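Remarks on the overall topology
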Amino acid sequence: SNLKAATLGTALFVAYPLPISAKHSILMACCSKMVCNGCNIANQRREFEGKFEHKCPFCRHLAPDNEKETKMNLMRRIEVNDP
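Residues numbered from 1 in each chain as written. Predicted model: local features only at pLDDT ≥ 70, side-chain atom pairs only at ≥ 80, totals over all residues. Heavy atoms only, no water.

Counted at 1.5 Å a residue, the expected span for helix α3 (residues 67-79) with its 13 residues is 18 Å, and the 18 Å between its end C-alpha atoms agrees. Structurally, the start of α3 carries an N-cap: the backbone nitrogen of Lys68 is 3.1 Å from a side-chain oxygen of Asn66. Phi for Asn81, located one or two positions after α3, is positive at around 55°. (Helix = DSSP H or I, 4+ residues; strand = E, 2+ residues; numbered from the N terminus. Expected span 1.5 Å × (residues − 1). Polar contact = N/O pair within 3.5 Å; in protein donor to acceptor, adjacent residues only side chain to side chain.)

Let's shift gears to the pattern of salt bridges. Counted by the stated rule, this structure contains three salt bridges. Note that Lys71 is salt-bridged to Glu67, the shortest N-O span being 3.4 Å. Taken as a pair, Lys71 and Glu67 lie in helix α3 at a separation of four residues, close to a single helical turn. Residue Glu67 is classed as exposed on the basis of its relative accessible area, which comes to 56%. (Salt bridge = Lys/Arg side-chain N within 4 Å of Asp/Glu carboxyl O. Buried < 20%, exposed > 50% of the residue type's maximum accessible area, 1.4 Å probe, protein only.)

There is a patch of nonpolar side chains on the surface, built from Leu74, Met75 and Ile78 and spanning about 280 Å² of accessible area. With respect to the helices and strands, Ile78 occurs in helix α3. (Patch = residues over 30% accessible without salt bridge, like charges linked within 9 Å, V, L, I, M, F, W, Y side chains within 5 Å. Areas by Shrake-Rupley, 256 points an atom, 1.4 Å probe, with all protein chains shown as cover.)

Here is the structure:
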């Protein structure tokens, strides 16, 4: 179908196709995974309501604090050949 052809996979929590448009999803700096805005907001809401620390909805790691950590995470992904 046209919907499947215009997506980048399936959203993490809601299981809907990921949109191609970058304005409807976010690239997580910790694990380089695409997460749709709906899943990201659902995770933020869960964390807020449960008073949890903010973590990535995909890998559950903390977001990098600075550009140096972001680059180190990216290099780690490259070294293990993780697309």
